[in-house]
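# Summary of the model geometry
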Amino acid sequence: MRKRRSPLKRIAAVIFVLASLVALGFVAVSGLRHPSDQDPPVSGLSAAGSQAAGAAPNGTSGRTSGRASRDQPTFPLDTSLHSTTDPHSIWVVVNKKHPLQPLDYRPAVSIVRGYQVATAAAGGLSDLLDAGDQAGLGLKIESAFRSYDYQVSVHGNLVASEGQAAADLASARPGYSEHQTGLAVDLITPNSPGCDFKSCFGRTPAGRWLTVNAWRYGFLVRYTVADQAITGYQPEPWHLRYVGTALSTAMHTAQIATLEQVFGIPGGDYPR
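Residues numbered from 1 in each chain as written. Predicted model: local features only at pLDDT ≥ 70, side-chain atom pairs only at ≥ 80, totals over all residues. Heavy atoms only, no water.

## Topic: the pairing of strand S5 (residues 219-223)
In the case of a regular strand, side chains alternate between the two sheet surfaces. Within S5, 5 of the 5 residues are buried, which leaves it mostly tucked inside the rest of the structure. Here S5 pairs with strand S6 (residues 236-242) via 4 bridges, running antiparallel. Looking at S6, one finds that Val 221 is bridged to Leu 240. (Buried < 20%, exposed > 50% of the residue type's maximum accessible area, 1.4 Å probe, protein only. Helix = DSSP H or I, 4+ residues; strand = E, 2+ residues; numbered from the N terminus. Pairing = 2+ DSSP bridges.)

## Describing the state of the cysteines
Summed over the entire model, instances satisfying the criterion amount to 1 disulfide. Sulfur-sulfur distance for the disulfide between Cys 195 and Cys 200 comes to 2.1 Å. On the sign convention where negative is left-handed, the bridge of Cys 195 and Cys 200, at about -120 degrees about the S-S bond, is left-handed. (Disulfide = S-S within 2.5 Å.)

## A word on the pattern of salt bridges
For side chains of opposite charge, pairing can occur when their charged atoms come near one another. Within this structure, the stated rule accounts for 7 salt bridges. The partner of Arg 113 in a salt bridge is Asp 130, with the nearest N and O atoms 2.9 Å apart. Placement of Arg 113 in the loop between strand S1 (109-112) and strand S2 (115-118) and of Asp 130 in helix H4 (residues 119-134) is noted, with a sequence separation of 17 residues between them. Taking the relative accessible area as the measure of exposure, Arg 113 reaches 43% and is therefore partly exposed. Take Asp 130: its relative accessible area is 36%, and that puts it in the partly exposed class. Residue Arg 222 is joined to Glu 260 by a salt bridge in which the shortest nitrogen-to-oxygen separation is 3.0 Å. Separated by 38 residues along the polypeptide, Arg 222 in strand S5 and Glu 260 in helix H10 (residues 259-263) bring together distant segments of the chain. By the burial criterion, Arg 222 is buried, and Glu 260 matches it. Through salt bridges with shared partners, a single network forms among Glu 178, Arg 222, Arg 241 and Glu 260. (Salt bridge = Lys/Arg side-chain N within 4 Å of Asp/Glu carboxyl O.)

## Re the sheet that holds strand S3 (residues 140-143)
Spatially, the 4 strands line up as an open sheet ordered S3-S4-S6-S5, and their pairing is antiparallel. Each edge of the sheet is formed by a strand with only one pairing partner; in this case those strands are S3 and S5. Neighbouring strand axes in the sheet, compared pairwise and without regard to direction, differ in orientation by 50 degrees on average. (Axes fitted to C-alpha atoms, helices over the stretch in contact; angles between N-to-C directions.)

## Observations regarding the environment of Tyr 105
With respect to the element layout, Tyr 105 can be found in the loop between helix H3 (62-71) and S1. Judged by relative accessible area, Tyr 105 falls into the buried class, the value being 8%. Among residues more than four places away in sequence, those in contact with Tyr 105 are Pro 87, His 88, Leu 100, Gln 180 and Thr 181. (Contact = heavy atoms within 4.5 Å.)

## Observations regarding the layout of surface pockets
Volume-wise, the largest pocket comes out at about 500 Å³. When residues of the lining of the largest pocket are traced back to their parent elements, those giving at least two are helix H5 (148-162) and S6. The dominant element in the lining of the largest pocket, judged by the number of residues it contributes, is H5, at 5 residues. Looking at the lining of the largest pocket, its residues break down into 12 nonpolar, 8 polar and 6 charged. Taken as a whole, the second largest pocket spans an internal volume of roughly 410 Å³. If you go around the second largest pocket, you meet 21 residues; those closest to its centre are Thr 211, Leu 220, Val 221, Thr 224 and Ala 257. Taken together, the elements giving at least two residues each to the lining of the second largest pocket come down to helix H7 (205-213), S5, S6 and helix H9 (245-254). It is S5 that provides the largest number of residues to the lining of the second largest pocket, a total of 4 residues. (1 Å grid on protein atoms, 1.4 Å probe; cavity = no way out; pocket = protein on both sides within 12 Å on 5 of 7 lines; lining within 4 Å. Points joined across faces, edges and corners; volume = space filled by probe spheres on them. Nonpolar A, V, L, I, M, F, W, Y, C, P; charged D, E, K, R; others polar.)

## Notes on H9
Because an α-helix packs 3.6 residues into every turn, residues spaced three or four apart end up facing the same way. Listed in full, the buried residues belonging to H9 are Leu 247, Ser 248, Ala 250 and Met 251. Seen along its axis, H9 keeps its buried residues to an arc of 160 degrees; they face one direction. For H9, the secondary structure elements touched by its buried residues are S5 and H10. Looking one or two residues beyond H9, the residue adopting positive phi is Gln 255, at roughly 55 degrees. (Arc of directions from axis to C-beta.)

## A short note on the pairing of strand S4 (residues 184-188)
The buried count for S4 comes to 5 of 5 residues, which makes it a mostly enclosed element. Both faces of S4 are covered, namely the face carrying Ala 184, Asp 186 and Ile 188 and the face carrying Val 185 and Leu 187. Relative to S4, S3 runs antiparallel, the two sharing 3 bridges. The residue of S4 that forms the bridge with Ile 141 is Leu 187. As paired elements, S4 and S6 share 3 bridges and run antiparallel to each other.

So, in structure tokens, the structure goes:
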């Protein structure tokens, strides 16, 4: 006769069977889930892990952040191609905070319509004047290269007649003048002689033409009304500065008017 199991043993056997079935079911269900579907523990996410999952550090999505980056304007030219401090460079920046070094620098010059200009600027200036002639403007050079000694006289006369502050607004101190580089010219037109060296030159046909077209020949209208706080000078729509067509075209494309903005160089008034 088979020996009857005690009630306690039967209960233990039932519990064992049920536990085995539960364990088998868990394994089967968990095996259906792909590892990539599993949520990582929140406490284990690093900053890099958050970005990999699509979250940007500032709380915006990675896609939004990338779009903003693509929309950020960039200057369309390598600004390290030429020096901004070497006086021989067509990109040299000369303003009230950055004098020429040496102060009495003299460039190599060529003659354009009877005036000395830096050789590097001669071709572009000739082309600009020829184009102005074809447009019926009759542009003429009134001032180009000025030596250090000549600028001593120009600035000194203004100081004597108008005072230091007024002279510094309208004229560069010796060693601080773009004219000394040979890359700057002042233009006039016989069609509007009443506006020679006056702000109204910018409203003459010649002044308007230069505003629109100077960049095509490698020149900037260097001192404008909008940029007076940056350059430190009163507007001079007759004053052109040669920088070469690569830079003038890039500035025109980027709608940036001053060398100080392009190169991040301080301008404004003389140091006190």
